[in-house]
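Tertiary structure, described
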Amino acid sequence: MLSASDIATLWLTFKVAGYATLLMMLLGTPLAWWLARTASRWKGVCNALVALPLVLPPTVLGFYLLVMMGPNGAIGRLTTELGLGTLPFTFPGLVVASVLYSLPFVVQPLQTAFATIGEHPLEAAATLRAGPLDTFFSVVVPLAKPGFMTAAILGFAHTVGEFGVVLMVGGNIPDKTRVVSVQIYNHVEALEYSEAHWLAGCLLLFSFSVLLVLYTALKTQPVAHPLK
Amino acid sequence: MTTILARFQLDYGDFKLDVDLTLPGTGITVLFGHSGSGKTTLLRCIAGLQRAPLGKLEINGHVWQDSERNLFLPTYKRPLGYVFQEANLFPHLTVRDNLHYGLKRIKQNSGTVKLEQAVELLGIGHLMERMPGHLSGGERQRVAIARALALNPEVLLMDEPLASLDFKRKQEILPFLSRLHQQLDIPVLYVTHSQQEVAQLADTLVILEDGRALASGPLPETQSRLDVPLAQDREAATVWQATVAEHEADYHLTRVAFAGGSLSLPAVDAEIGTPLRVQIYARDVSIALEAPTATSILNVLPATITGIADGRDGQTVVQMRIGNQALLAHITRKSALMLGLQIGMAVYVQIKGTSILN
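Residues numbered from 1 in each chain as written. Chains lettered and ligands numbered in written order. Predicted model: local features only at pLDDT ≥ 70, side-chain atom pairs only at ≥ 80, totals over all residues. Heavy atoms only, no water.

Here we take up the overall build of chain B. Each helix and strand counted, chain B has eight helices and 21 strands in total. Compactness check: chain B gives a C-alpha radius of gyration of 22 Å against a globular reference of 21 Å for 358 residues, within 12% of the reference. In terms of overall dimensions, chain B has a C-alpha envelope of 65 × 50 × 35 Å along the principal axes. The burial tally for chain B puts 51% of its 358 residues in the buried class. Of all intrachain contacts in chain B linking residues separated by at least 6 positions in sequence, the fraction that spans at least 24 positions is 65%. Separation of charge centres in chain B, based on 33 positive and 36 negative side chains, amounts to 6 Å. (Helix = DSSP H or I, 4+ residues; strand = E, 2+ residues; numbered from the N terminus. Rg over C-alpha atoms; globule rule 2.2 N^0.38 Å. Buried < 20%, exposed > 50% of the residue type's maximum accessible area, 1.4 Å probe, protein only. Contact = heavy atoms within 4.5 Å. Lys, Arg positive; Asp, Glu negative; His and termini not counted. Charge placed at Lys NZ, Arg CZ, Asp CG, Glu CD.)

Quick look at the structure:
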């Protein structure tokens, strides 16, 4: 059965994933919109930067984040100046790291959805007196709805499943930064296989359900990862 | 008198647009040309969907673009209606919501009246709750036209609205466009490469080629211009505006009056006074030096030759004037020589056939 600390880690995991997803949607939507429409020469660079976490070992990303968010890093100095302290080994730090780590899973489905809409509906809206922001909410958002759903679900699920970045940036502090994947690792290290089974089973069931929703209800095309 | 002043210059390397047009603020102005002639680009520049780096656009005294003052009104601030080649309805909205989309965004109250009028005119009342995906191509295009008209625009821009439809659907929509022409006073700029649509709809014709306007003016004058390839075409014709003057029931004929005379046509089922468009193909017009006394052809009219040019395949193109109307004739070069035709000569034309366009 799940112990109280197991349930606490589950709760913390979903909280991190929830906040991270919210931030990723807010950040990823304008970013994906820009990437889908720009002809800027920076487009390639931005695409590559966003996609980086897909190919980078999570520990490498985690390491750089740890250094940058630490007391001597650029981000760390900024957050200290702002009176926020440093981010590593805190809940906000975990959320920030998760955002960077899972961003491609949000940006890429949105970018594809926006690109698929094309110019025509936007031009029609413009000839019907809708300004750019009005057009975005009255035409783009409804037409890209499956893209938004896919982005949110993939972003959330991927954050739930992270391990390397979390361990580097968050550490292993109960109730503060200890998420499910780390807790499973702890159980296995302590040879508590039955506890590990319960938690691992939970994650397996969760992940499968999410993908089932994506591929049946939302009819998303099965892809190995959103880069393709 | 409202007018449209449009001057644009843009250069995409392999395509250049360079036009300076003054167009009437009433009736249908057709922008005619082959693909790549720049007619759609010109329309998009007028709509603001494309921005010509050098341009000045004035509609009814309102400046929509003036590159010298760095003024460019974005499309959504221009009081226009636009009908795309593909109907371009919003797929996530019902026909009703598509029709109301623009209406919700303008402040004037006259909109609903215009919408009802447009729905009635285009016969789409029974489609209101349908989704665009469940409409035929012709129905979609009718909804798109109504959606643009509902805004009571100052100018209606139509980009080959019939090009994506098959022959049958075209015939279904053309009458609606003719009705629109008769019942609404909005100036229309209509892009097409179809001579049939030119003949049926145009009041003013602008002929575009390689991004330049070759000719621009009232339809029959522009159609009969000898310096424009259209006059050489096998299908070359002039369209006259006429009105039904008299029915000769015994002979199954109708007389129609035009500025400068009258024509006998096969009986037309229309009331006296009804306006008609009569198309006369250049190949159906023959020329005589004296009034033919014994001929089976009913329509013999005095004319003055205003221009002569070589046509293709041994033909000569003769441009004439009957009253105020321009007329083209295609005759053989041999006939032209034998008759000794010259500019300024008074002749008689015999019109072998006519067709009524609406």
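Following the structure, the description resumes.
Let's shift gears to the overall build of chain A. The helix and strand inventory of chain A stands at 11 helices and zero strands. When the helices and strands of chain A are read in sequence order from the N terminus, they spell out α-α-α-α-α-α-α-α-α-α-α. Taken along the three principal axes of its C-alpha coordinates, chain A extends 65 × 45 × 25 Å. Looking at chain A residue by residue over its 228 residues, the buried ones come to 43%. About 11700 Å² of surface is accessible on chain A, with carbon and sulfur atoms providing 72% of the total. (Areas by Shrake-Rupley, 256 points an atom, 1.4 Å probe, with all protein chains shown as cover.)

In this complex, chain A contributes 18 residues to the contact, which on the side of chain B involves 20 residues. Here chain A packs against chain B, burying approximately 1700 Å² in sum over the two surfaces, 65% of which is carbon and sulfur. Looking only at chain A, the three residues that lose the most surface to chain B are T127(A), L128(A) and R129(A), adding up to 45% of its buried area. Summed over the shared surface of chain A and chain B, the result is two salt bridges. In this structure, R44(B) and E123(A) form a salt bridge, with 2.6 Å as the shortest nitrogen-oxygen distance. For the side of chain A that touches chain B, the class distribution of residues is 10 nonpolar, five polar and three charged. (Buried area = accessible area lost by both parts, 1.4 Å probe. Salt bridge = Lys/Arg side-chain N within 4 Å of Asp/Glu carboxyl O. Nonpolar A, V, L, I, M, F, W, Y, C, P; charged D, E, K, R; others polar.)

Further remarks concern the domain arrangement of chain B. All names here are of chain B. We note that the domain assignment places domain 1 (3–231) and domain 2 (237–355) within chain B. Contact residues are listed per partner, giving 15 residues for domain 1 and 17 residues for domain 2. Buried surface at the junction of domain 1 and domain 2, summed over both partners, amounts to about 1100 Å²; 50% is from carbon and sulfur atoms. Our count for the domain 1 to domain 2 interface comes out at two salt bridges. (Domains from an automatic or database assignment.)

Geometrically, a packed helix pair is captured by the angle between its two axes and the distance between the axes. All names here are of chain A. At their nearest, the axes of helix α7 (residues 132–143) and helix α8 (residues 145–160) sit 4 Å apart, and the two run at 65° to each other. In this structure, α7 contributes F136, V141, P142 and L143 to the contact, and α8 contributes K145, P146 and F148. Broken down by class, the residue content of the contact of α7 with α8 amounts to six nonpolar, no polar and one charged. (Axes fitted to C-alpha atoms, helices over the stretch in contact; angles between N-to-C directions.)

All names here are of chain B. Positive phi, close to 50°, is recorded for N152, a residue that is not glycine. Take N152: it is sitting in the loop between α4 (137–149) and β8 (155–159). In this model, D210 sits at a positive phi of 50°, which is unusual for a non-glycine residue. Take D210: its relative accessible area is 60%, and that puts it in the exposed class.

Turning next to the pairing of strand β18 (residues 315–322) of chain B. Residue and element names in this part refer to chain B. Taken across its eight residues, β18 has six buried, putting it largely inside the fold. In the sheet, strand β17 (residues 299–310) pairs with β18 via six bridges, with the strands oriented antiparallel. Opposite T304, over in β18, you have R321 as the bridge partner. Where β17 folds back on β18, the antiparallel hairpin that results is connected by four residues, among which D313 adopts a positive phi of roughly 55°. As defined by bridge partners, β18 adjoins strand β19 (residues 325–332) across eight bridges and the pair is classed as antiparallel. Within β19, the position partnered with V318 by the bridge is A329. (Pairing = 2+ DSSP bridges.)

Time to look at a nonpolar patch on the surface. Together, W34(A), W42(A), V45(A), L49(A), L52(A) and V55(A) make up an exposed nonpolar region whose accessible area comes to about 600 Å². Along the polypeptide, V55(A) turns up in helix α2 (residues 43–55). (Patch = residues over 30% accessible without salt bridge, like charges linked within 9 Å, V, L, I, M, F, W, Y side chains within 5 Å.)

Let us look at the pairing of strand β5 (residues 62–66) of chain B. All names here are of chain B. Direction of pairing for strand β4 (residues 54–59) relative to β5: antiparallel, over a ladder of four bridges. Across the sheet, the residue bridging to L57 is Q65, located in β5. Once β4 ends, the chain turns through two residues before running back antiparallel as β5, passing N60 with a positive phi of about 50°. As paired elements, β5 and strand β6 (residues 71–72) share two bridges and run antiparallel to each other. Considered in β6, the bridge of D66 is made with L71. The turn joining β5 and β6, which pair antiparallel and follow one another in sequence, is formed by four residues; a positive phi near 55° is taken by N70.

A few words on the UniProt feature "transmembrane region" (unreviewed entry) in chain A. All names here are of chain A. What UniProt calls "transmembrane region" (unreviewed entry) maps, in this numbering, to residues 16–36, 48–69, 89–107 and 198–218. Secondary structure across residues 48–69 divides into 91% helix and 0% strand, with the first and last C-alpha atoms of the span separated by 22 Å. The span residues 89–107 shows a helical share of 89% and a strand share of 0%, and its end C-alpha atoms are spaced 27 Å apart. (UniProt positions renumbered as here; feature names shortened; annotations may be inferred.)

This brings us to the UniProt feature "domain: ABC transmembrane type-1" (unreviewed entry) in chain A. As recorded in UniProt, the sites labelled "domain: ABC transmembrane type-1" (unreviewed entry) are residues 10–216 of chain A. Strand forms 0% of residues 10–216 of chain A and helix 79%; the C-alpha atoms that close the span are 26 Å apart.

The next point concerns the sheet that holds β4(B). One open sheet holds the five strands; their spatial order is β2-β1-β4-β5-β6 (chain B), and the pairing between them is antiparallel. A strand with exactly one partner marks an edge of an open sheet, and here the two such strands are β2 (16–24) and β6 of chain B.

Moving on, we come to the packing of helix α1 (residues 4–37) of chain A against helix α10 (residues 180–189) of chain A. Residues and elements named next belong to chain A. As a packed pair, α1 and α10 sit with axes 8 Å apart at the nearest point and diverge in direction by 150°. Comparing their axes, α10 and α1 come out roughly antiparallel. On the side of α1, the interface is formed by S5, D6, T9, L10 and T13, while α10 contributes V180, Q183 and H187. For the contact of α1 with α10, a count of residues per class yields two nonpolar, five polar and one charged. (Parallel < 35°, antiparallel > 145°, perpendicular 65-115°, else oblique.)

This part takes up the nonpolar core. Residues and elements named next belong to chain B. Of all hydrophobic cores here, the largest spans 89 residues; its most connected members are F8 and L177. No other element matches α4, which puts six residues into this core. Setting aside residues no more than four positions away along its own chain, F8 makes contact with L17, D18, V19, L42, C45, I46, A52, L54, G55, L57 and Q65. (Core = buried A, V, L, I, M, F, W, Y, C linked by side-chain atoms within 4.5 Å.)

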